[in-house]
Amino acid sequence: MMNYEMGAAEARSGQPDEHAVRIRGLRVVRGARAILDGFDLDIRRGSITGLLGPSGSGKSTLMRAIIGVQKIAGGEVDVLGSPAGSAGLRTRVAYVTQAPSVYTDLTVRQNLRYFADVLGAPHADVDRAIGQVDLGDHADKLATNLSGGQFSRVSLAVALLGRPELLVLDEPTVGLDPVLRQELWDMFAEIAADGATLLVSSHVMDEAQRCNDLVLLREGGVLLAHDTLANLLERTGAADAEQAFLHLVSKEVSHV
Amino acid sequence: MNARITFATARRVLTQLRHDPRTVAMLLVIPCLLIALLWWIYDGGTVWDQIGPALLAIFPFIIMFLVTSIATLRERTSGTLERLLSMPTGKLDFLLGYALAFGIVAIVQALLAGTLAVTLLDMDVTGPVWVLLTVAVLDALLGVALGLFVSAFAQTEFQVVQFMPALVIPQILLCGLLVPRAEMPDVLDVLSGVLPLSYAVDAMNEVQHVSEPSVWADGGIIVAFIIGLLALGTTTLRRRTS
């Protein structure tokens, strides 16, 4: 699905850029407090990167900086070879905020049709995206009449319109039942298999198993680790991502 | 600017309204009821003829101001505006989409209230009725443009409705409806001269008294205010926030 775009992007830059996102020295300040400071990160193209960490660790701020909607105090954020937020990226990058951002007073289909028009995506994408988030039976319901989990899936479906090369999803599975979560992660894997890159935040550590790479943050925007799950488990001797996280936090604390 | 996105936005806003028939009914019926009430208060006499046209300018302005400021505030607080601006939506696409959608509502509203006034309620208008209706629609658009702009300065709906007494009522007091502008204290006359609603009421008075009214100057000033407010509105839409 993404082959054509990827090929074109590579042809333009002359060499394949292995990183979908490249961050150097990112600094974000809110009030007197630095949420991220001197933050570096590379995200591999075609990977599913899980962004894990407690609330207050700067996950959402980092995602907003990648989308280019966050005011930054310093540093560089490059996305698909262009500065984050560039006009050319607006159809190539899709973003789902934690709080669903769709219209409650439109039906599911009307919401998607509008965003498809804005993106210039074909109308066939509307039904495809509704199917992908399993809302086919509710397509003509007003969003306000949906359950919380269904409502957040409308917001997720908007990110599936067009052919985004990078999907940035802030806690897309929160509040969903295990079966549906499983299905969505299967879908993320398919999207990545087509060549797109996904950055997915979560604080459900068992979802880490579905990611190629993990980025672990702790409070204060500190990058604890960026590695594959297998490597993390090996390094820490932990049994799962949660244990690995706790191990890294305690090691960090004992160093201070 | 992108016509596809502008029209899609206008259609989306109208679709949202369609799902809210009570609001549509109120938008269309309340101005008619108020006009009829006014006619009744003055028993259809000369005072009715004097202030009726001015009120045809004021009602659409107030109502569109309120509806637009709240709708835009909702876009800002729900995250949909941020999402649209992270997509290819231009700031002007967003504002013009709203102006177009509410402009269409305003045309229907002005047609209903205006037709009621000049037919059933027998309002005496010397100039052509279409000029009266055009000024009413311009006024509604003025309300839309002002509402789009001020929504940037409110964080909550409580705050945004306070802009009605702050920015709309002074214009009603100073527009020449209560006291002719020339008879006001000099300072207030000058103040009245920088407020857009004054020109709307001037234009309405002209249509009322003159068979071939020249409303181009007043109309031009209202259009300039609309464009100016929309331009200011674009500066309040930020792609990056903290």
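Criteria and cut-off values
Residues numbered from 1 in each chain as written. Chains lettered and ligands numbered in written order. Predicted model: local features only at pLDDT ≥ 70, side-chain atom pairs only at ≥ 80, totals over all residues. Heavy atoms only, no water. Helix = DSSP H or I, 4+ residues; strand = E, 2+ residues; numbered from the N terminus. Rg over C-alpha atoms; globule rule 2.2 N^0.38 Å. Buried < 20%, exposed > 50% of the residue type's maximum accessible area, 1.4 Å probe, protein only. Contact = heavy atoms within 4.5 Å. Areas by Shrake-Rupley, 256 points an atom, 1.4 Å probe, with all protein chains shown as cover. Lys, Arg positive; Asp, Glu negative; His and termini not counted. Charge placed at Lys NZ, Arg CZ, Asp CG, Glu CD. Expected span 1.5 Å × (residues − 1). Bend = angle between axes of the 7 residues up to and from the residue.

Chemist: What am I meant to see in the overall build of chain A here?
Modeler: For chain A, the helix and strand inventory stands at eight helices and ten strands. Taken over C-alpha atoms, the radius of gyration comes to 18 Å for chain A, in line with the 18 Å a tight globule of 256 residues would show. The dimensions of chain A, computed from C-alpha atoms along their principal axes, are 55 × 45 × 40 Å. When the 256 residues of chain A are sorted by exposure, 52% land in the buried category. In chain A, the share of contacts with a sequence separation of at least 24, taken over all contacts with a separation of at least 6, comes to 67%. Within the structure as shown, chain A displays about 10800 Å² of accessible surface, and the carbon and sulfur contribution to it stands at 48%. Within chain A, the 33 negative side-chain charges are centred at a point lying 6 Å from the centre of the 24 positive side-chain charges.

Chemist: When you look at the environment of cysteine 211 of chain A in this model, what are you seeing that I'm missing?
Modeler: Residue and element names in this part refer to chain A. With respect to the element layout, cysteine 211 can be found in the loop between strand 8 (197-202) and strand 9 (213-218). A relative accessible area of 10% places cysteine 211 in the buried class. Distance from cysteine 211 to phenylalanine 115, taken between C-alpha atoms, is 28 Å for residues 96 residues apart in sequence.

Chemist: What is the right way to read helix 7 (residues 157-174) of chain B from this model?
Modeler: All names here are of chain B. Between its first and last C-alpha atoms helix 7 spans 26 Å; for 18 residues at 1.5 Å apiece the expected length is 26 Å, and the two agree. Of all the bends in helix 7, the greatest reaches close to 30° and is centred on valine 168; the proline proline 170 follows between one and four positions later. Those residues of helix 7 lying buried are Val160, Phe163, Met164, Val168, Gln171, Ile172 and Leu174. Where helix 7 is buried, its residues meet helix 3 (46-78), helix 6 (129-150), helix 8 (186-193) and helix 9 (196-209). Just beyond helix 7, the residue with positive phi is glycine 176, at close to 100°.

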